[in-house]
Amino acid sequence: TIHNPTYIETEHGNKLLTGGWWGIARKIHYTADLVMALSWGLIAGFDSFIPYFYVTFFTAVLIHRVGRDHVHCKKKYGSDFDEYCRQVPYVFIPFIF
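Keep in mind it's a predicted model, so treat the numbers as computed, not measured.

Draft legend 1. Structural view of a nonpolar patch on the surface. Together, Tyr7, Leu17, Trp21, Trp22 and Ile24 give the surface a local cluster of nonpolar side chains, amounting to about 500 Å² of exposed area. Take the nonpolar patch: its biggest share by element is three residues, from helix H1 (residues 21-24). According to the relative accessible area criterion, Leu17 is partly exposed, its value standing at 35%.

Listed below in structure tokens is the structure:
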């Protein structure tokens, strides 16, 4: 449970979280998914690319999805989404991307 979460109240009445994990990066849950996918490849070693196909494919899918989400949210929330992106500037990895 989050006590006293910070958020932006949009014109639609929705709330965009700017605190907790979602204050660190907008898609921090995708980062956890990518780390899990990478670890599955790492435990298989480096003899073949096959174990890394999943993380490579998954990364491409998630980057594409983030782009689509960004366009959708910008259209839906307008300037509220701009403010959200200003407050939570990173998508996956804080201070990097």
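Picking up after the structure, the text goes on.
Draft legend 2. Region of the structure containing the nonpolar core. Of all hydrophobic cores here, the largest spans ten residues; its members are Tyr30, Leu34, Ala37, Tyr52, Val55, Phe58, Leu62, Val66, Val91 and Phe92. At the level of elements, helix H2 (28-42) and helix H3 (50-77) are the ones that each hand at least two residues to this core. A per-element tally of this core places H3 first, with five residues. Apart from residues lying up to four places away in sequence, Val66 is in contact with Lys27, Tyr30, Val91 and Phe92. Core analysis: the next-biggest nonpolar cluster, separate from the first, contains eight residues, Ile8, Phe81, Tyr84 and Cys85 among them.

Draft legend 3. Focus on the confidence of the model for the protein. Per-residue confidence for the protein averages 92 on the pLDDT scale, and 98% of its residues sit at or above 70. Looking over the protein, one finds the lowest element-wise mean pLDDT in H1, namely 88, and the highest in helix H4 (residues 79-87), namely 96.

Draft legend 4. Region of the structure containing H2. Taking 1.5 Å as the rise per residue, H2 with 15 residues should run 21 Å; its terminal C-alpha atoms sit 21 Å apart, in good agreement. Those residues of H2 that are buried lie in contact with H1 and H3.

Draft legend 5. Representation of the environment of Phe58 within the structure. Positionally, Phe58 belongs in helix H3. Spatially, the C-alpha atoms of Phe58 and Leu34 are 7.3 Å apart, while their sequence positions differ by 24 residues. The contact partners of Phe58, leaving out residues within four places of it in the chain, are Asp33, Leu34 and Ala37.

Draft legend 6. Geometry of the packing of aromatic side chains. Counted according to the given criterion, the structure contains eight aromatic pairs. Aromatic side chains Tyr54 and Phe58 sit 5.4 Å apart centroid to centroid with 10° between the ring planes, which places their arrangement in the stacked category. With Tyr54 and Phe58 both in helix H3 and four residues apart, the pair spans about one turn of that helix. Take Phe58: its relative accessible area is 17%, and that puts it in the buried class. A connected cluster of aromatic rings, assembled from ring pairs, spans Tyr30, Phe92 and Phe97.

Draft legend 7. Fine view of the side chain of Asp80. By the secondary structure assignment, Asp80 is in helix H4. It turns out Asp80 is buried and unbridged, and the closest side chain with the opposite charge, Lys74, is 9.8 Å from it. At 2.8 Å, the side chain of Asp80 forms a polar contact with the backbone nitrogen of Glu11.

Quick notes on the rules
Residues numbered from 1 in each chain as written. Predicted model: local features only at pLDDT ≥ 70, side-chain atom pairs only at ≥ 80, totals over all residues. Heavy atoms only, no water. Patch = residues over 30% accessible without salt bridge, like charges linked within 9 Å, V, L, I, M, F, W, Y side chains within 5 Å. Areas by Shrake-Rupley, 256 points an atom, 1.4 Å probe, with all protein chains shown as cover. Salt bridge = Lys/Arg side-chain N within 4 Å of Asp/Glu carboxyl O. Helix = DSSP H or I, 4+ residues; strand = E, 2+ residues; numbered from the N terminus. Buried < 20%, exposed > 50% of the residue type's maximum accessible area, 1.4 Å probe, protein only. Core = buried A, V, L, I, M, F, W, Y, C linked by side-chain atoms within 4.5 Å. Contact = heavy atoms within 4.5 Å. pLDDT = per-residue confidence, 0-100. Expected span 1.5 Å × (residues − 1). Phe/Tyr/Trp six-rings, centres within 6.5 Å; stacked < 30°, edge-to-face > 60°. Lys, Arg positive; Asp, Glu negative; His and termini not counted. Polar contact = N/O pair within 3.5 Å; in protein donor to acceptor, adjacent residues only side chain to side chain.

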